Amino acid sequence: MENQVIKMQAITKVYHTDDIETHALSGIDLEINKGEFVSIAGPSGCGKSTLLSIMGLLDDANSGTYQLNGRDVSSLAVAEQTRIRNREVGFIFQSFNLISDMSVAENVELPLIYAGIGKKQRRERVAEVLERVQMSHRMKHLPNQLSGGQQQRVAIARALAGKPAILLADEPTGNLDSRNGEKAMDLLAELHELGATICMVTHDERYNSFASRVIHLFDGKVVDEHVASYEQELAMVGA
Ligand SMILES: Nc1ncnc2c1ncn2[C@@H]1O[C@H](COP(=O)(O)OP(=O)(O)OP(=O)(O)O)[C@@H](O)[C@H]1O
Ligand SMILES: [Mg+2]
């Protein structure tokens, strides 16, 4: 279906270390439609980051099928995976992952260089997304000259810059205090309102309410799925 950004069927992932087999994902079926904001919740070690890594083509599943933006990506060569990842996926990490000796503007520009976008268009995109996250005034700063909340806003701008099909965020508030955590979540919610498709991992229950759907993982399996704002919607219509 054209509307589906993510479609996973029977995805499994097993890690082998020494003599130990860890079943990180045990048969995940998951679909995310264009424009959805999905939160993946569950206790530590249940497979959330593993799932997001596979979604973002940072890691391969052991079995199952995966279609990203209408294309089967389950068994692509590494170079082709990298190309698709650069074009279709924007990542936001808990630890921001900005490059320390590059300025804010250079960090945001980097994925656009990888994507082969020309200089003029890159400049325009960088200015646009930094404006979007209200970081234009810090364009020339280095990451260590910014607060944690500001660094995460720059990381969000970087993820947005290439206009990806989906934004993947792994514990985006994990390194932020609650005020900055809320602000980062407000920004994601705003991007969602403007049409972005987002899949976020969190073990902080408070932030599930920002999503339009919550998927609960336990021991590498989907155990529950519900519309996050259902109760809020009921309250709004006075039911
Ligand atoms: N590289 C690896 N090698 C071996 N086992 C791994 C590896 N990465 C993850 N695992 C195991 O796979 C399981 C799922 O890990 P994952 O990182 O996906 O959990 P998570 O839900 O993101 O947890 P957290 O909330 O703590 O971030 C865990 O049991 C973990 O120990
Ligand atoms: Mg994790």
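Note that the structure is a prediction, hence the values are computed from the model and not measured. (Residues numbered from 1 in each chain as written. Chains lettered and ligands numbered in written order. Predicted model: local features only at pLDDT ≥ 70, side-chain atom pairs only at ≥ 80, totals over all residues. Heavy atoms only, no water.)

Student: Would you mind going over the pairing of strand 1 (residues 4-17) with me for this structure?
Tutor: Successive residues of a regular strand alternate their side chains across the two faces of the sheet. Where strand 1 and strand 2 (residues 20-33) come together, eleven bridges link them in antiparallel fashion. Note on strand 2: the bridge partner recorded for I6 is I32. Here strand 1 folds back onto strand 2, and the loop between the two strands holds two residues, one of which, D18, carries a positive phi near 50 degrees. Here strand 1 pairs with strand 4 (residues 63-68) via five bridges, running antiparallel. The partner of T12 across the bridge, within strand 4, is S63. (Pairing = 2+ DSSP bridges. Helix = DSSP H or I, 4+ residues; strand = E, 2+ residues; numbered from the N terminus.)

Student: Would you take a moment to explain the site of ligand 1 for this structure?
Tutor: Neighbouring ligand 1 are 13 residues, the closest being S44, G45, K48, S49 and T50. At 2.9 Å from an oxygen atom of ligand 1 is found a side-chain nitrogen or oxygen belonging to S49. One of the side-chain nitrogen or oxygen atoms of T50 is found 2.6 Å away from an oxygen atom of ligand 1. Here ligand 1 has 640 Å² of accessible area as a free molecule, and 62% of this is covered by the chains. It is helix 1 (residues 48-55) that provides the largest number of residues to the shell around ligand 1, a total of three residues. (Near = heavy atom within 4 Å. Polar contact = N/O pair within 3.5 Å; in protein donor to acceptor, adjacent residues only side chain to side chain. Areas by Shrake-Rupley, 256 points an atom, 1.4 Å probe, with all protein chains shown as cover.)

Student: Please explain helix 3 (residues 104-114) as it appears in this structure.
Tutor: Note on helix geometry: an α-helix contains 3.6 residues per turn, so any two residues three or four positions apart are oriented the same way. Listing the buried residues of helix 3 in full gives V104, A105, N107, V108, E109, L110 and L112. Buried residues in helix 3 make contact with helix 4 (119-132) and helix 5 (148-161). One or two residues past the end of helix 3 sits G116, with phi positive at roughly 80 degrees. (Buried < 20%, exposed > 50% of the residue type's maximum accessible area, 1.4 Å probe, protein only. Contact = heavy atoms within 4.5 Å.)

Student: Whenever I open this one, the sheet that holds strand 7 (residues 166-170) confuses me. Can you help?
Tutor: Strands in a sheet are paired, the pairing made by backbone hydrogen bonds, and the direction either parallel or antiparallel. Pairing in this open sheet of six strands is mixed, and the strands run 6-7-8-3-9-10 from one edge to the other. Each of the sheet's edge strands pairs with one partner strand only, and the pair in question is strand 6 (89-92) and strand 10 (221-226). Here the average twist between neighbouring strands, direction ignored, is 20 degrees. Two elements, strand 6 and strand 7, share four bridges in a ladder whose sense is parallel. Bridged to G90 within strand 7 is L167. Its contacts with the sheet put helix 2 (residues 78-88) on strand 6 and strand 7, and the angle it makes with strand 6 is roughly 75 degrees. (Axes fitted to C-alpha atoms, helices over the stretch in contact; angles between N-to-C directions.)

Student: Hey, could you run me through the pattern of salt bridges in this one?
Tutor: Side chains carrying opposite charge are able to pair once their charged atoms draw close together. Evaluation of the coordinates by the stated rule reveals twelve salt bridges. Between R71 and E80 there is a salt bridge, with its nearest N and O atoms 3.1 Å apart. Looking at E80, the relative accessible area reads 23%, which means it is partly exposed. Close ionic contact of E88 with R87 constitutes a salt bridge, the shortest N to O distance being 3.6 Å. (Salt bridge = Lys/Arg side-chain N within 4 Å of Asp/Glu carboxyl O.)

Student: It is not clear to me how helix 4 should be interpreted in this structure. Could you clarify?
Tutor: Compared with the 20 Å implied by 1.5 Å per residue over 14 residues, the 20 Å span of helix 4 between its first and last C-alpha is a close match. Those residues of helix 4 not exposed but buried are R122, R125, V126, V129 and L130. Seen along its axis, helix 4 keeps its buried residues to an arc of 125 degrees; they face one direction. The outward face of helix 4, more than 90 degrees from its buried face, is lined by the exposed residues K120 and E131. Directly after helix 4, the chain includes Q134, whose backbone phi takes a positive value near 55 degrees. (Expected span 1.5 Å × (residues − 1). Arc of directions from axis to C-beta.)

Student: Would you take a moment to explain the sheet that holds strand 1 for this structure?
Tutor: The strand order 2-1-4-5 describes an open sheet built from four strands, whose pairing is antiparallel. In this open sheet, the two edge strands, each paired with only one partner strand, are strand 2 and strand 5 (71-72).

Student: Even after reading the chapter, I still don't get the side chain of H216, so can you show me in this structure?
Tutor: Looking at the secondary structure, you find H216 in strand 9 (residues 213-218). Setting aside residues no more than four positions away along its own chain, H216 makes contact with A41, E205, K221, V222, V223, D224 and H226.

Student: How do you make sense of the packing of helix 3 against helix 4 when you look at a structure like this?
Tutor: Relative orientation of the contacting elements helix 3 and helix 4 amounts to 125 degrees, with a least axis distance of 9 Å. Looking at the two axes, helix 3 sits oblique to helix 4. Between helix 3 and helix 4 the crossing geometry is right-handed. Between helix 3 and helix 4, the contacting residues are V104, A105, V108, E109, L112 and I113 on the first element and R122, R123, R125, V126, V129 and L130 on the second. Residues belonging to the contact of helix 3 with helix 4 are distributed by class as follows: eight nonpolar, no polar and four charged. (Parallel < 35°, antiparallel > 145°, perpendicular 65-115°, else oblique. Left-handed = near helix turned anticlockwise from the far one by under 90°. Nonpolar A, V, L, I, M, F, W, Y, C, P; charged D, E, K, R; others polar.)

Take it as geometry only, folks, not as evidence of what the structure does.
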